[in-house]
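For reference, the chains in residue letters:
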Amino acid sequence: MLAFIPYMEVFGFLLLGGAVDVFGKNERKKHMLFVFSIILLIGFLGLRGFIGWDWWAYYPSYNNLPNGFNYEIGYEIWSNIFYKIGLSYHHFTFINTVADILILAYVLKKYSKYPIFSMFLFLAVQGLSFEVDLLRNAKTVLLFIISIQFIKERKLIPFLILNILGMTFHMSSVIYLPMYFILNRNYSRKIILPLIILGNIYYLFDTKLFIHILEYMSSVLPAAVGGKITSYLSIIPQNYKLPVGTLYFERLVTFIMVFFFLHKEKNHREKENPYSLIMENSFYIFYLIFLFTSEFFIASTRIGILFIYTNWFLWGDIIENLRDTKIKAAVFLIAVLIGGNRIYNHFDFNGNKILYRYENIITDHKSYEEKMKDLGRARKFKDEADGKELLILY
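Below you will find a few notes about this structure.

Here is what the cut-offs are and how they apply
- Residues numbered from 1 in each chain as written.
- Predicted model: local features only at pLDDT ≥ 70, side-chain atom pairs only at ≥ 80, totals over all residues.
- Heavy atoms only, no water.
- Axes fitted to C-alpha atoms, helices over the stretch in contact; angles between N-to-C directions.
- Helix = DSSP H or I, 4+ residues; strand = E, 2+ residues; numbered from the N terminus.
- Parallel < 35°, antiparallel > 145°, perpendicular 65-115°, else oblique.
- Contact = heavy atoms within 4.5 Å.
- Nonpolar A, V, L, I, M, F, W, Y, C, P; charged D, E, K, R; others polar.
- Core = buried A, V, L, I, M, F, W, Y, C linked by side-chain atoms within 4.5 Å.
- Buried < 20%, exposed > 50% of the residue type's maximum accessible area, 1.4 Å probe, protein only.
- Left-handed = near helix turned anticlockwise from the far one by under 90°.
- Expected span 1.5 Å × (residues − 1).
- Arc of directions from axis to C-beta.

**Description of the packing of helix α16 (residues 310-320) against helix α17 (residues 325-348)**
The contact between α16 and α17 brings their axes to 9 Å, and the two run at 170°. Here α16 is positioned roughly antiparallel relative to α17, judged by the angle of their axes. Counted together, W315, I318 and I319 of α16 and K328, V331, F332, I334, A335 and I338 of α17 form the full contact between these two elements. Looking at the contact of α16 with α17, its residues break down into eight nonpolar, no polar and one charged.

Rendered as structure tokens:
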């Protein structure tokens, strides 16, 4: 229990800071809280020991050990810079975290009216595992978020530069390229609502059509690709049923709030936040990925993470457009409950109870070899993670 107190303290501070951010009037105090929040996250995440799941792969790769992996060229160059000058893996982790959090701070200030509240939602809604486990994906998502300004400004070249750079860290960034033509369009309710209704029907009836399509593709595609699809499909239990639980209702509630409080038909949009349309459309994509691909939950989680950022910004956009303080407080509470549910979902998993015990490199922390034993124990619980949107190793 003691190992999880640091998480409670950080989440608690960001939640209180988020409340001041939304309801407070003193801009100087808010700015000071934001700066302190950045420093807090850098220290908390940057000075971590071997926590989470993916260090087992990144550590040997960084140190050029025989059991290491080869990654995309951008990540290889980025990590090798620090390895070549003699820095340890923990030094690299700290520098990498500083880079990520400073980029995060930039985009929160640029796109969010309430950056501290958005920082709380970042950490609560996948941001913790995002920063701890997805070292390469984190760069692609953050680079894409920076490039959102160029979607708005219709500047294709800087948009392409940022996202091609993102592809050198993780090839999944290729999905972002067509977003330049998709996210800045004001889609009618007549398009959005039928798609979402159809998606909910598909999810609730659980027909496994997507799985059947993948099974067919694995049989006709080249062996290298088909074999990989078959390997991933083998992880899905035969009797797996889509859960209608808190993660389903979380998205449904978010959609209702976005659709009724934020969506505006063409020429009726508010001008306070010029990026709200892009964030809104990002959420629709995020939601549709969940509805249509969750039966193949590995793909749903790994593709959905590319659009997870919308959850960090949208609630602030909704609150910003509300004038009644009581309604604003109610919406704030809903967002906090969603964040709290995500935190609970993360730490309730037995595998994470083992691997997310907080350790700081300045104080006592386990070695790589000791943590490998913990990883072996945690992997025994991986079946419990099915359908819970946890970024674990399969």
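**Examining the nonpolar core**
If you look at the biggest cluster of nonpolar residues, it comprises 126 residues, and the most contacted ones within it are Y7, F117, I145 and Y309. Top contributing element to this core by residue count: helix α6 (residues 115-133), with twelve residues. Leave out the neighbours within four places in its chain, and Y7 touches F44, I51, L128, F347, Y356 and Y358.

**Focus: the environment of L47**
Note on placement: L47 falls in the loop between α2 (27-46) and α3 (55-62). Residues L47 and I298, spaced 251 residues apart in sequence, show a C-alpha to C-alpha distance of 29 Å.

**So, the packing of helix α5 (residues 89-111) against α6**
One can describe the packing of α5 onto α6 by two numbers: an axis separation of 11 Å at closest approach and a directional angle of 140°. For the element pair α5 / α6, the angle class is oblique. In this structure, the crossing between α5 and α6 has a hand that is right-handed. Of the residues in α6, those in contact with N96, T97, D100, L104, L108 and K109 of α5 are P115, S118, M119, F122 and E131. Partitioning the contact of α5 with α6 into residue classes produces five nonpolar, three polar and three charged.

**Here's the deal with helix α10 (residues 189-205)**
The terminal C-alpha atoms of α10, which comprises 17 residues, lie 24 Å apart, in line with the 24 Å expected from a rise of 1.5 Å per residue. Along α10, the residues that are buried comprise I192, I196, G199, N200, Y202 and Y203. Seen end-on, α10 carries its buried residues on one side only, within an arc spanning 160°. For α10, exposure combined with an orientation more than 90 degrees from the buried face picks out K190 and F205.

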